[in-house]
Structure formats: C-alpha cells, structure tokens
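# Architecture at a glance
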Amino acid sequence: MSALPGRRAAATRLIAAVAALGVCAGLAWSSARADTATRAETSLVRLTPEQYERSIHDIFGADIRIPANKVDPGSRNDGLLAIGDRKLTLSAAALERDDVVAQAIAAQVADPRRRATLLGCQPRSEQAADDACARGFVARVGLPLFRRPLSTEEIQAYVTTQHQAAEQLHSFSAGIAAAVAQMLVAPDFLFRVERGAADAAQPGTLQLDGYSRAARLSFFLWNTTPDSELLQAARSGKLMTDAGLQHEVDRLLDSPRLESGLRAFFTDMLAFSGLDEDPGFDTLAIDAGFYPNFTLSAQNEAQEQTLRTIADLLLHKNGDYRDLFTTRDTFLTPALAALYGVPLARSQELGGAVPWVPYHFSDGEPYIGILTEVSFLSLHSHEGRTSPTRRGKALREIFLCQKVPPPPGNVDFSLVQNTSDPRYKTVRQRLTAHRNEPMCAGCHKIMDPIGLSFENFDTAGEFRTTENGAPIDASGELGGKSFDGVQQLAQLIRDDPATTSCLLDRAYSYGTERKPTAQEQTWLVRLQAELTRDGVRWRDLMRRITLNPDFYTIPMSAAPLSAAAAH
Amino acid sequence: MRIARSMARGAAALRLIGLPALALWILSSAAGAETRGYAISMVHTATYAEQGNCPNGGNGSSTEIHEKILMDEGYSRAQAVKMLTGNERLLDFDTRGHLYGQRVDVGVFPTSVPDDHIETVQGAGPGHYMYGFNLAGKVTPDSFEDPETHQMVQNQMWRVLGCFTAYQYQSPSIPPYNEGIAWDTAMDSMPAWLLSISGADLSGDGDVTVTFDRSLDILIRDRRGGVLTGSSYTIDPDPRNHSAFKGHIKDQVLTIEPGNFFMQGESQFYALLRLTQTHLRLKLNANGSLSGIIGGYQPWLDYWEYVAIRGEEDSEVDIPGVYYALKRLADGVPDASGHNTAISAAYYLEAVPAYVLNRFGKVVGGAYVNGRPLNGVVAGEVTAR
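Just so you know, these numbers come straight off a predicted model, no measurement behind them.

This paragraph deals with the environment of Tyr129(B). Residues and elements named next belong to chain B. Considering the arrangement of structural elements, one finds Tyr-129 in the loop between strand S3 (102–104) and strand S4 (144–145). For Tyr-129, a count of 20 C-beta atoms within 10 Å puts it in the buried group. Separated by 73 residues in the primary sequence, Tyr-129 and Asn-56 place their C-alpha atoms 19 Å from one another. With near-sequence residues (within four places) excluded, Tyr-129 lies in contact with Tyr-48, Glu-50, Phe-144, Glu-145 and Pro-147.

If you want it as structure tokens, here you go:
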C-alpha cells in the first residue's frame with residue numbers, strides 16, 4: 001500500500017478500506033477457529049442508522065456531526081425491521097457510504113481541539129506517529145465501539161495503520177484519523193457480532209456471552225452501545241449472574257435513556273420508516289393539491305407527535321399500553337393543530353425550535369388515541385385519497401399481529417380508484433362494489449370493515465363528515481362485534497387480547513431480533529395473562545423480558561453466521 | 001331557528017361525536033352569539049385594467065420610465081436603450097434630484113425634480129370600471145362604476161397607478177408585481193393581520209360586529225405556499241391595531257358601517273395601512289374563506305412611502321411622478337388650508353379561517369370551514385374595545 005504525499009484524503013481512505021477488508025478476513029478466520037472450540041460468533045445484526053449515530057455520540061461526544069448514513073432501506077420481517085436487520089447484507093453502496101461517513105467522523109475525532117479530551121495522552125510530535133499514545137487510545141475507544149475488548153493483535157493492527165498514515169502524511173492527527181476511520185468500517189462496529197456458547201442444558205441453543213448480553217440489553221433498552229458500567233459488568237462476569245443481571249437491568253430501566261429505546265421500538269413497530277407497501281415517513285407523499293394543510297412541518301412532526309404520546313403515557317405516566325388507543329392526551333405543534341382543527345397558542349419565536357404543547361382532546365372532539373393521529377391516518381392512505389383497505393390492513397398487521405395476504409396480481413382496481421363515478425360517491429360504496437368480485441372479497445372482508453371506520457378522517461387526518469357530498473357511514477365490525485365510529489373501534493382494540501399479545505410478541509422479537517421459539521411463546525402467553533390482569537406497563541414488560549434467561553439465547557438453527565454479511 | 005340550523009349542521013357528526021357533545025353544541029349555539037376568526041392571507045391594491053384607460057400608451061415599467069428620463073436629458077431612444085441594457089441599477093436614477101446644488105434621492109426629496117405629469121387613468125362615469133366605494137356620498141365627476149355593485153365609486157388611487165405596467169391586472173387575478181413580491185416576503189416575517197366577525201347567527205343575514213387586529217404571530221403557510229387554514233393566532237393587545245365596525249351580512253356578503261381603520265405591518269409595503277371612511281365588501285365563500293374589497297380615504301403620503309421605500313426598479317413606478325399625481329388627485333380629508341391629505345383607494349383582501357386567541361390563550365374567534373366549526377367549539381362574541 002502506498003500513498004502519494006499531499007493526497008491525504010485519498011490515502012486515508014485507501015488505508016481504511018484495505019484495513020477493513022483485512023478485518024473482515026480476520027473475522028471470518030476467527031469465526032472458523034472459534035467454532036472448533038465450541039464458542040462461536042453466532043450472528044451478525046446490522047446497526048440501524050439511529051444506533052450508529054447514538055453510538056458515535058456516546059463514545060466521541062454529542063457534538064460530532066454525522067453525515068446522513070441511511071443507504072439501505074432495511075428489510076421488514078414479521079412486522080419488524082429489527083428482525084430483517086439480522087438478514088441484512090452490506091451492499092457496495094452502503095459500504096461506500098459507511099466509508100465516507102467514517103472519514104468525516106474520524107476527522108472530527110482527530111481534530112486537535114477535540115483530541116485533547118479524547119486522546120488521553122500528549123503526542124511526542126504533531127508531525128509523526130506515536131504508537132504508545134495511539135495504542136492506549138485504540139484500546140480505550142475500541143471497547144465501546146466493538147462492544148468487547150480488542151485483542152492484542154487487533155490493537156496492533158490499528159496502531160500500525162496509525163503509524164503508516166502519520167509517517168506518510170507527516171501528521172499525528174492524520175494517523176489517529178486513519179485508525180478511527182478503519183475501526184468505523186470494521187464489521188465489529190457496523191454489526192453487532194453476537195457470540196455464544198453451546199448450552200448443555202438446552203441442546204441446540206447458544207447462550208450469549210457477557211459482552212453480547214450487554215450489547216443486546218443496551219440496544220434493546222437504550223438503542224445505543226453499552227456504557228462503561230455495563231461493559232464492566234460484562235467483563236467481571238456479573239452479567240452472567242442473576243443478581244448482576246437484575247442490577248444492571250434495573251439501572252438501565254431507571255435511566256432517562258429508556259425513552260430512546262422505547263422510541264426506537266415503536267418507530268419500528270409502527271412502520272414509521274422503511275419501504276413497505278405503505279411508505280414510511282422518509283418517502284411519504286401526500287398530494288398538496290388535495291391536502292394543502294398537510295404541510296411539510298406537519299409531515300415531519302406527525303411521527304414525533306405519536307412518539308411523544310407513547311412516551312408520555314408509557315414512561316412519564318407509567319400508563320397501560322392499551323390506553324394508547326383511547327387516550328385523549330397528546331402533544332401538538334401549530335402545524336399539527338391546524339390539521340386537527342383545534343386552537344393552539346403559539347410561543348415560537350421566528351426561527352426557534354418547534355414548540356410542542358400538551359393537548360387534551362375533549363369528549364366532543366372526534367380524535368381519540370394513536371389510531372386517529374395524523375401519523376397512522378396519513379401513512380396508510382393513498383396520495384390523493386383515503387384507503388380503508390390500507391388502514392384496515394395496517395391496524396390488523398401492526399397492532400394485532402395478524403397477517404393479511406397481498407392482493408392477487410390480476411386484480412382490477414379501477415372501480416375503487418375512480419372517485420368521480422357518480423354511482424359511488426363514498427369509498428364505502430366503491431369498496432362494496434369491488435368486493436362483489438369473488439377474488440377480492442375474502443381479504444377485503446377482514447380489512448375494510450375496520451378501515452371504513454376511519455373515513456371521517458381524510459388522507460391528511462383532517463376531520464370530515466361527507467365525501468363527495470354524501471354523508472360518511474363510519475360503522476363497522478371487528479371480530480364479530482359491531483361498532484359505530486372510530487371511538488367505539490378504539491375501545492374494542494383496547495380491550496382485544498390480541499392487542500396485548502401483539503405488543504409482547506413484537507417487543508420480544510425486537511429485543512432478540514428473531515421470532516420467539518415455542519418455549520418462549522409459552523412464556524409470553526403466561527406473561528400476557530399476568531399483564532392483562534396487572535396492567536401492560538412498559539418498564540414492567542421490559543424488566544420481565546430482560547430477566548428471562550431465554551432472552552439471551554439464540555436457537556442454533558435461527559441465525560447462522562452470514563458469510564455475505566461478514567463481507 | 002338558530003338551534004334548528006345548528007342541529008342540521010351537526011347531524012352528520014352526530015354518529016361520531018355522540019349525544020352529549022351535540023347537546024353541548026346546541027347549548028353553546030343557543031347562547032346567541034358566535035365569532036369566526038380569520039387570518040388575512042392577501043392584501044393588494046385593487047386593479048381593474050381595461051383597454052382605453054391610458055390613451056397615451058401608459059407609463060410603462062421602470063425601464064420605460066428611465067428611458068424617458070434619459071431622453072429628457074437629450075439622449076436618443078437608441079442611445080437610452082443601449083445605456084440601460086444591463087446597467088439600469090448602475091446609472092443611479094434614484095439620485096437624479098437636485099437640491100441646493102446637490103444630487104439627492106427622489107425617494108426622499110420627490111420635489112427635487114419637476115412634475116413630469118405621468119399618465120393617469122382617463123374616463124369617468126358609467127362604463128368606466130374600477131373597484132371602490134362611494135366615499136363622497138354622491139356621484140362626483142371622477143367617479144368610476146364598480147364592476148360588482150355597479151354603483152358609482154371613488155378611487156383616485158387607481159387613476160394614479162392604473163397606467164403603470166405593474167398594475168395591468170384585474171383583481172382578483174394576481175396582485176401588482178411589486179406588491180405581490182412584498183406580501184409574499186412579508187408573510188414569513190410580518191405579524192399576521194386578523195379579522196373577526198361576531199353575531200347572533202353568521203349562517204344567514206343579520207347584524208354583526210367586525211374587528212381587525214394585529215397578531216403576535218406570523219402567518220403559517222400551507223403546502224401550496226398560501227396561508228394555512230385553521231391555524232391559531234394570538235391578538236397583539238396594542239389597542240392601536242384594533243379597529244371595530246358595526247357590520248351586516250346579507251346574501252353571504254359582509255359590509256360595514258364606515259369608520260376608521262388602522263393596522264401596522266412589518267413590511268416594505270403596507271408598513272402602515274390606515275383608512276378613514278372605511279368601507280368593506282367581503283364575500284363569505286362556501287369553503288369558509290373571505291374575499292373582497294376594503295377601501296376608504298388613505299393618507300396619500302402613506303402609499304407614496306410604500307413605493308418610495310422600494311425604489312423604482314422594485315416598485316416599477318415613477319416615484320416623483322406618483323408623488324405629484326397623488327397630491328394632485330387627492331380627494332379627501334382636507335387640511336386647514338383646504339389641501340386634501342387623503343386619496344380614495346381600494347384594496348383587494350382575502351382571508352382564511354383561523355382561530356383567534358387573546359393573550360391569555362382563550363379562543364375569542366373560532367375557525368369555520370364549510371360552515372362547520374373545525375373542532376366543534378363555538379366561541380363567544382367579541383365586543384368592540
């Protein structure tokens with residue numbers, strides 16, 4: 001490897017890329033070696049862009065500017081991107097972007113103004129390598145970056161990178177930057193490498209080691225890399241004991257960082273991002289011609305409104321998850337208030353932060369619970385018209401964990417899409433006609449009756465009583481129970497046992513990033529009975545899940561190490 | 001009758017919001033007063049350009065104005081065009097005035113150049129159309145015919161401006177070039193102007209109270225760049241910006257009894273809009289918005305300052321020429337010496353439904369769209385202060 005003097009950036013990139021390949025190769029080799037000793041890297045889970053960002057900020061400081069690093073849209077499996085992340089490979093485009101982002105972060109970390117607090121030593125010269133200084137730095141930041149201590153060989157590899165870059169570019173900072181950039185494109189950082197050992201008590205199951213337990217706990221509850229205390233508990237072995245685990249779980253649950261974990265979970269569960277049939281907020285397009293009040297501010301703030309509503313009820317009020325469907329408490333901004341048609345005094349200075357104001361919908365107002373929030377109503381609509389089918393499908397799949405088959409390939413949508421047909425003024429009339437086609441009737445029968453109850457809310461979430469001049473009928477049926485309007489539907493969803501079982505299934509799956517085993521499903525059924533009786537409270541749920549020994553296992557058949565992911 | 005109408009409006013919502021809410025609605029409606037709030041989403045000088053208004057060809061835009069200035073100084077048209085091409089701003093037409101031997105800015109010293117008698121709109125009487133109101137209480141020799149009411153009205157401001165290219169429109173199509181830009185810029189920075197209508201029953205004919213206030217909040221745009229319907233604005237308690245009028249709704253048209261109007265803006269244009277003998281004619285549109293004309297006698301120096309501040313390249317008028325014409329054609333509010341200090345004028349105005357709040361956060365004006373209160377709240381009557 002060589003670099004021309006003066007071409008610092010190119011040289012640094014080259015160093016990082018080559019070194020990353022070396023680490024990839026090393027990882028594969030160490031995996032093969034470990035298998036022979038009954039310990040194994042069991043699986044790789046790609047960090048989400050948010051986890052990447054939070055990890056960097058926790059390790060290097062909140063003022064590190066991170067360029068946008070969302071390249072791969074993710075893959076949703078069993079309702080969660082988290083499960084899809086276990087199957088994610090690293091595309092060439094993503095690796096290229098990761099390299100660019102790594103260079104930008106590394107340059108900031110190595111900046112002499114910040115380096116003074118991060119480095120922990122004074123280099124002998126600003127124009128030359130300092131291996132001893134770099135060695136201590138690499139070992140210290142490597143631990144939270146890789147969520148495990150680095151081996152002597154790994155540390156030496158990064159110190160060598162530092163040495164070569166610093167000597168060729170005559171800059172100690174460039175050397176440190178090269179080492180950091182190399183670490184940031186290493187699979188051990190970009191992926192959570194979960195390591196485990198065979199469990200004699202449960203054949204076919206791997207028990208996660210202490211560091212992997214720490215990472216699983218931290219990303220589940222805080223959505224970021226483990227802090228130093230958690231890593232220390234892993235190092236000391238405390239995390240492998242019941243008492244030690246309980247202590248750490250309680251510590252994590254008491255932290256305000258718990259909200260980050262909750263937000264990440266619900267962002268995934270509610271399909272706020274991704275490229276599914278219903279787009280996430282990243283790609284949501286609502287026709288401004290039809291819905292001028294659906295401003296960009298409202299679009300950007302709709303997701304935050306729902307997350308604030310959830311965090312307020314589940315964390316700040318320690319409320320019951322089921323009440324999310326009937327709560328009248330939420331938070332609004334001026335742009336959202338206009339969509340909901342309610343007054344909201346502003347306190348925002350020009351150019352200031354968006355003012356979030358707690359708001360309570362009165363009994364006379366049509367809005368109730370998160371199902372009537374703009375996030376749900378707009379995400380599950382078409383660009384220029386509502387979609388009872390999408391809304392009904394989303395409600396069943398997201399909140400009740402029911403699977404709705406996709407439409408057949410040769411279905412004729414023209415009847416539903418023609419909103420100007422004078423014979424069918426309302427979407428209920430159009431869907432009724434559409435359901436007369438036998439091939440469509442089966443699925444629409446399970447989606448439309450609940451989706452139509454949202455018809456008092458247009459694509460932008462604005463309340464309406466008519467469509468094309470015809471009065472809207474918002475009655476429907478769920479599980480054999482009839483209801484009249486979305487308020488009654490909200491109560492039915494709240495009281496449906498599937499609502500609780502779905503949350504439990506999703507939360508457990510999110511934490512383990514796989515579907516529960518049969519044994520775990522039995523445990524979840526018992527848990528559901530207890531929570532239904534005592535209240536479905538977030539901290540309690542998280543505590544029970546993270547203290548369940550099965551949470552730290554991986555069925556050997558579930559997640560073999562992906563060779564594609566390693567490269 | 002009032003309750004019956006309220007019930008009809010609420011029938012469609014009955015299934016959704018239930019009987020208790022409807023009962024609350026009926027009770028609040030039966031209280032006998034409601035106030036609807038609006039945010040003024042557009043104001044500009046009313047226009048009604050027609051063939052024949054300017055028989056001499058009009059005053060053109062800033063380029064033609066400056067061509068004329070150069071030709072008055074002895075250059076040929078060809079030379080003037082060549083001098084102006086790409087150099088208009090470099091020639092510094094603003095300081096073409098002379099005072100005490102010094103070059104001075106004609107936007108500050110308009111009489112530092114002689115009156116060049118800009119062309120003004122010709123014609124009067126029936127068939128010569130322009131928006132306005134009968135401010136004088138009689139048909140004057142220079143009255144226009146209003147194209148909507150067909151009454152004879154005074155609008156001498158239009159005579160001054162109507163031969164400049166920038167004003168060759170017919171309201172409500174689009175605003176004059178300079179005013180449109182000024183308003184669009186001001187929307188993102190200027191405190192909103194609010195309008196409220198209070199009355200026993202705003203769905204039909206009847207007496208009302210109309211108030212104008214300035215807000216503490218700036219306008220919020222919708223996704224098309226207009227003003228967001230249903231947003232909330234807090235009233236600036238400064239009493240100077242509060243104007244109240246007795247009004248009347250007939251056939252979904254709102255009018256007021258003449259009075260004084262005063263509103264401060266924070267814009268190059270409309271820095272201050274004050275009128276005496278203020279008249280109003282707004283349509284209550286089916287979608288809940290308002291549109292129409294406000295007019296009265298406006299201090300003619302106010303309007304001249306609008307254009308003088310923006311300069312000739314932006315306002316697209318001959319600044320000293322407009323000064324002389326405004327002064328010459330002013331037709332109202334004479335001072336002690338008999339000189340008129342105001343000129344008859346009319347502005348086109350649009351407003352969208354909005355919540356109007358007092359400084360304590362109480363809703364004093366509800367937002368109505370398609371005749372329905374957006375959230376079922378019916379606010380009490382706002383009384384004139």
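The structure having been displayed, the exposition proceeds.
Let us now look at the interface of chain B and chain A. Interfaces are frequently sized by the accessible area removed from exposure as the parts join. On the side of chain A, 28 residues touch chain B, which itself brings 30 residues to the contact. Elements with a contribution of two residues or more to the side of chain B that touches chain A: helix H1 (2–30), strand S7 (206–218), strand S8 (232–234) and strand S16 (355–357) of chain B. For the side of chain B that touches chain A, the element with the most residues is H1(B), which contributes eight residues. Classifying every residue of the side of chain B that touches chain A by side-chain character gives 15 nonpolar, ten polar and five charged.

Across a sheet, strands are paired by hydrogen bonds formed along the backbone, either parallel or antiparallel in direction. All names here are of chain B. Taken in spatial order, the three strands line up as S8-S16-S17 in an open sheet, and their pairing is mixed. For this open sheet the edge positions go to S8 and strand S17 (363–365), each flanked by a neighbour on one side alone. Strand-to-strand, the axes of this sheet are offset by a mean angle of 40°, without reference to chain direction. Alignment of S8 against S16, held across three bridges, turns out to be parallel. Its bridge partner lying in S16, Ser-232 is registered against Tyr-355.

Spacing of three or four residues puts side chains on the same side of an α-helix, whose turn is 3.6 residues. All names here are of chain A. Helix length check: helix H17 (residues 388–399), at twelve residues, gives a terminal C-alpha distance of 16 Å against a target of 16 Å (1.5 Å per residue), a fit within 8%. Of all twelve residues that make up H17, ten are buried, and the element is covered over most of its length. Within the span of H17, buried status applies to Pro-388, Thr-389, Arg-391, Gly-392, Lys-393, Ala-394, Leu-395, Arg-396, Ile-398 and Phe-399. Downstream of H17 by a residue or two, Cys-401 has a phi angle that is positive, lying close to 55°.

With that out of the way, let us pick up the packing of helix H2 (residues 62–72) of chain B against helix H3 (residues 77–84) of chain B. All names here are of chain B. Contact geometry of H2 with H3 gives a least axis separation of 9 Å together with a crossing angle of 125°. The angle between H2 and H3 places the two elements in the oblique class. Our pair here, H2 against H3, has a crossing hand that is right-handed. Contacts between H2 and H3 involve Thr-63, His-66, Glu-67, Leu-70 and Met-71 from the former and Arg-77, Ala-80, Val-81, Met-83 and Leu-84 from the latter. Of the residues belonging to the contact of H2 with H3, the class tally is six nonpolar, two polar and two charged.

Conventions and cut-offs
- Residues numbered from 1 in each chain as written.
- Chains lettered and ligands numbered in written order.
- Predicted model: local features only at pLDDT ≥ 70, side-chain atom pairs only at ≥ 80, totals over all residues.
- Helix = DSSP H or I, 4+ residues; strand = E, 2+ residues; numbered from the N terminus.
- Buried ≥ 20, exposed ≤ 12 C-beta atoms within 10 Å, placed from the backbone.
- Contact = placed C-beta atoms within 7 Å.
- Nonpolar A, V, L, I, M, F, W, Y, C, P; charged D, E, K, R; others polar.
- Pairing = 2+ DSSP bridges.
- Axes fitted to C-alpha atoms, helices over the stretch in contact; angles between N-to-C directions.
- Expected span 1.5 Å × (residues − 1).
- Parallel < 35°, antiparallel > 145°, perpendicular 65-115°, else oblique.
- Left-handed = near helix turned anticlockwise from the far one by under 90°.

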